[in-house]
Amino acid sequence: MSNLGGITDNEIKGAGVVLPPPRPLAIVGSHPDTRENAPFDDPNYEIWLFNEAPLKPEVYKRWDACLQIHQESVYATDTNWVNKDYWEWLQQDHGPDKRIFMLEADPRVPNAVRYPMEGVLAQTPRHYLRSSPAMALALAIYLGYKDISLYGSELSSNTEYHYQAVNYGYWIGVADG
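Structural notes, computed from the coordinates.

Scoring rules and cut-offs
- Residues numbered from 1 in each chain as written.
- Predicted model: local features only at pLDDT ≥ 70, side-chain atom pairs only at ≥ 80, totals over all residues.
- Heavy atoms only, no water.
- Helix = DSSP H or I, 4+ residues; strand = E, 2+ residues; numbered from the N terminus.
- Buried < 20%, exposed > 50% of the residue type's maximum accessible area, 1.4 Å probe, protein only.
- Contact = heavy atoms within 4.5 Å.
- Areas by Shrake-Rupley, 256 points an atom, 1.4 Å probe, with all protein chains shown as cover.
- Phe/Tyr/Trp six-rings, centres within 6.5 Å; stacked < 30°, edge-to-face > 60°.
- Core = buried A, V, L, I, M, F, W, Y, C linked by side-chain atoms within 4.5 Å.
- Pairing = 2+ DSSP bridges.
- Axes fitted to C-alpha atoms, helices over the stretch in contact; angles between N-to-C directions.
- Polar contact = N/O pair within 3.5 Å; in protein donor to acceptor, adjacent residues only side chain to side chain.

## Thoughts on the overall build of the protein chain
If you tally the helices and strands in the protein chain, you get seven helices and six strands. If you list the helices and strands of the protein chain from N to C, you get α-β-α-β-β-α-α-β-β-α-α-β-α. When each of the 177 residues of the protein chain is scored for burial, the buried share is 42%. A separation of at least 24 residues holds for 48% of the contacts in the protein chain among residues at least 6 apart in sequence. Looking at the protein chain as shown, the accessible area adds up to about 9800 Å², and 52% of this sits on carbon and sulfur atoms.

If you want it as structure tokens, here you go:
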């Protein structure tokens, strides 16, 4: 699958189109120790964020894609504990170059793109995805990104991140080859 929306590699190859390699990618989480090091000012980089992060332009200067991998009961609520305006924001059209990856593309979210779970899981015999950062990295590998930088995803708290960190490490190993 290419990274051009719904166009498949077979359609591209059949048309004789040669795709340029994907841009360098920065996957940026919320941990303040390293997120500020992300290349927001370098237009050569594509920037992927998580959940409500695009609503904080003072921290995350720009974004190209956002992963919203939670269930509808979490994201489609006016009582979001992180940002009460998040559901309203998701329902806005953010332009043709913005993607919001979701488990299933919600028709109420104009920039929604279905997360290609089947293709992502087919990359490895271990069907092992436990966190949004791991899912972002697995998706980047699936879409053909070769230059992937990770920021703000230390997964270092003692809460749910403990088991997620091992899974993230697994996908870092897959990316590294």
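Once the structure has been displayed, the description carries forward.
## With respect to the packing of aromatic side chains
Tallying each qualifying case throughout the model produces six aromatic pairs. Note on Phe40 and Tyr60: the rings are 6.3 Å apart at their centroids and 75° apart in plane angle, and the pair reads as edge-to-face. With Phe40 in the loop between helix 2 (32-35) and strand 2 (46-50) and Tyr60 in the loop between strand 2 and strand 3 (65-68), the pair connects residues that are 20 residues apart, well separated along the chain. Owing to a relative accessible area of 4%, Tyr60 belongs among the buried residues under this scheme. Between Trp63 and Trp89 the ring centres are 5.5 Å apart and the planes differ by 55°, which places this aromatic pair in the tilted class. Here Trp89 lies in helix 4 (residues 86-90) and Trp63 lies in the loop between strand 2 and strand 3, a separation of 26 residues in the sequence.

## Some details on the nonpolar core
One finds Val28, Leu49, Leu90 and Ile100 to be the most contacted residues of the largest nonpolar core, which totals 22 residues. Secondary-structure elements contributing two or more residues to this core are strand 1 (25-28), strand 2, helix 4 and strand 4 (99-102). Among all residues touching Val28, those that are not within four sequence positions of it are Arg35, Ala38, Phe40, Ile47, Trp48, Leu49, Phe50, Tyr60 and Tyr151. Of all hydrophobic cores here, the second largest spans 19 residues; its members include Leu67, Ala136, Leu137 and Leu139.

## Points about the pairing of strand 2
Remark: a regular strand shows side chains that alternate across the two faces of the sheet. The element strand 2 is largely enclosed, with a buried count of five among its five residues. With burial as the criterion, each face of strand 2 is covered, one bearing Glu46, Trp48 and Phe50 and the other bearing Ile47 and Leu49. As defined by bridge partners, strand 1 adjoins strand 2 across three bridges and the pair is classed as parallel. Directly across from Ala26, in strand 2, lies its bridge partner Ile47.

## Let's talk about the sheet that holds strand 3
The strands making up a sheet are joined through hydrogen bonds of the backbone, oriented either antiparallel or parallel. Across the sheet, which stays open at both edges, the six strands sit in the order 5-4-3-2-1-6 with parallel pairing between neighbours. Sheet topology places strand 5 (112-114) and strand 6 (148-151) at the edges, where each strand pairs with a single neighbour. Taken over all neighbouring pairs, the strand axes of this sheet differ in orientation by 25° on average, direction set aside. Strand contacts of helix 6 (residues 132-142): strand 1, strand 2, strand 3, strand 4 and strand 6, with the helix running at about 150° to strand 2, the strand carrying the most contacts.

## A closer look at helix 6
In terms of burial, helix 6 is a largely internal element, 10 of the 11 residues being buried. Within helix 6, burial applies to Ser132, Pro133, Ala134, Met135, Ala136, Leu137, Ala138, Leu139, Ala140 and Ile141. For helix 6, the side-chain oxygen to backbone nitrogen distance between the N-cap and Ala134 is 3.2 Å, and the N-cap itself is Ser131.

## Describing the environment of Pro107
Within the secondary structure, Pro107 is located in the loop between strand 4 and strand 5. On a C-alpha basis, the gap between Pro107 and Gln91 in space is 9.1 Å, while along the polypeptide they are 16 residues apart.

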